[in-house]
Amino acid sequence: MTPDQKAAFDQRRNEVCLRHLQNDPRIRKARRERRWQQMRAVLGAVIAVAVMLVLTKSFMIAMHGPGGYAQIVAPVMPVQEDGSLIQSVLMPDPVSSEIAALLRPFLTEEGSVATSISAVPEAPDA
């Protein structure tokens, strides 16, 4: 067998093996399962981020109260139209308000970060 014939034979053999691998039912099943696993991972990540954001909003409402929280997010609201997705996500809703009501007894006013740190920077001692 000449080197050119050997190279052509190897190429044909590789193509046949690849075609058989593509049609193998076990490999096709593994590909389907991998796609579902990836979709479940993405969905799980989206749900985890959503829960984290709701808990963060609830914590902010519990720390500052609904009025204080509304003042914190107020700079974003004038550029948004009524009923927009951003406005519905940022403004207090019944779920985050209930979670904030559950968190409120655990947060004391004396030890909270919002009241213990001054909002006005102090002048450095010279």
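Residues numbered from 1 in each chain as written. Predicted model: local features only at pLDDT ≥ 70, side-chain atom pairs only at ≥ 80, totals over all residues. Heavy atoms only, no water.

## Digging into the overall build of the chain
Inference 1: Within the chain one finds 5 helices and 0 strands.
Inference 2: The order of helices and strands in the chain, counted from the N terminus, is α-α-α-α-α.
Inference 3: Buried positions account for 12% of the 126 residues belonging to the chain.
Inference 4: Taking the intrachain contacts of the chain between residues at least 6 apart in sequence as the baseline, contacts between residues at least 24 apart amount to 54%.
Inference 5: Of the accessible surface of the chain, which amounts to about 10400 Å², a share of 64% is contributed by carbon and sulfur atoms. (Helix = DSSP H or I, 4+ residues; strand = E, 2+ residues; numbered from the N terminus. Buried < 20%, exposed > 50% of the residue type's maximum accessible area, 1.4 Å probe, protein only. Contact = heavy atoms within 4.5 Å. Areas by Shrake-Rupley, 256 points an atom, 1.4 Å probe, with all protein chains shown as cover.)

## A look at the side chain of K57
Inference 1: Mapped onto the secondary structure, K57 falls in helix α2 (residues 25–73).
Inference 2: K57 gets classed as buried once you look at its relative accessible area, which sits at 8%.

## A look at a positive patch on the surface
Inference 1: Taken together, the side chains of R28, R32, R34 and R35 make up a positively charged region of the molecular surface.
Inference 2: The class of R34 is partly exposed, set by a relative accessible area of 48%. (Patch = residues over 30% accessible without salt bridge, like charges linked within 9 Å, V, L, I, M, F, W, Y side chains within 5 Å. Salt bridge = Lys/Arg side-chain N within 4 Å of Asp/Glu carboxyl O. Lys, Arg positive; Asp, Glu negative; His and termini not counted. Charge placed at Lys NZ, Arg CZ, Asp CG, Glu CD.)

## Topic: a nonpolar patch on the surface
Inference 1: Among the surface-exposed residues, L43, I47, V51 and L55 lie close enough to one another that they form a single nonpolar patch of about 360 Å² accessible area.
Inference 2: Structurally, V51 is set in helix α2.

## Thoughts on the nonpolar core
Inference 1: In this structure, I61, A62, Y69, V73 and A100 together form the largest nonpolar core, which totals 5 residues.
Inference 2: When residues of this core are assigned to their parent elements, the largest contribution, 4 residues, is made by α2.
Inference 3: Not counting residues up to four positions away in its chain, the partners in contact with I61 are P66, Y69, P92, S96 and A100. (Core = buried A, V, L, I, M, F, W, Y, C linked by side-chain atoms within 4.5 Å.)

## Describing the environment of M60
Inference 1: Looking at where M60 falls in the secondary structure, it is placed in helix α2.
Inference 2: Its relative accessible area of 26% is what places M60 among the partly exposed residues.
Inference 3: Placed 40 residues apart in sequence, M60 and A100 show a C-alpha to C-alpha distance of 8.0 Å.
Inference 4: Not counting chain neighbours up to four residues away, the residues in contact with M60 comprise G65, Y69 and I72.

## Some words on the pattern of salt bridges
Inference 1: If you walk through the whole model with that rule in mind, you get 2 salt bridges.
Inference 2: D10 is paired through a salt bridge with R13; the nearest N and O atoms lie 4.0 Å apart. Here D10 pairs with R13, and both are found in helix α1 (residues 3–23), just 3 residues apart, close to one helical turn.
Inference 3: We classify D10 as partly exposed; its relative accessible area is 27%.
Inference 4: Between D93 and K57 there is a salt bridge, with its nearest N and O atoms 3.5 Å apart. Taken together, the residues span a long stretch of sequence, with D93 in the loop between α3 (85–90) and α4 (94–103) and K57 in helix α2 at a distance of 36 residues.
Inference 5: Classification of D93 by relative accessible area gives partly exposed; the value is 25%.

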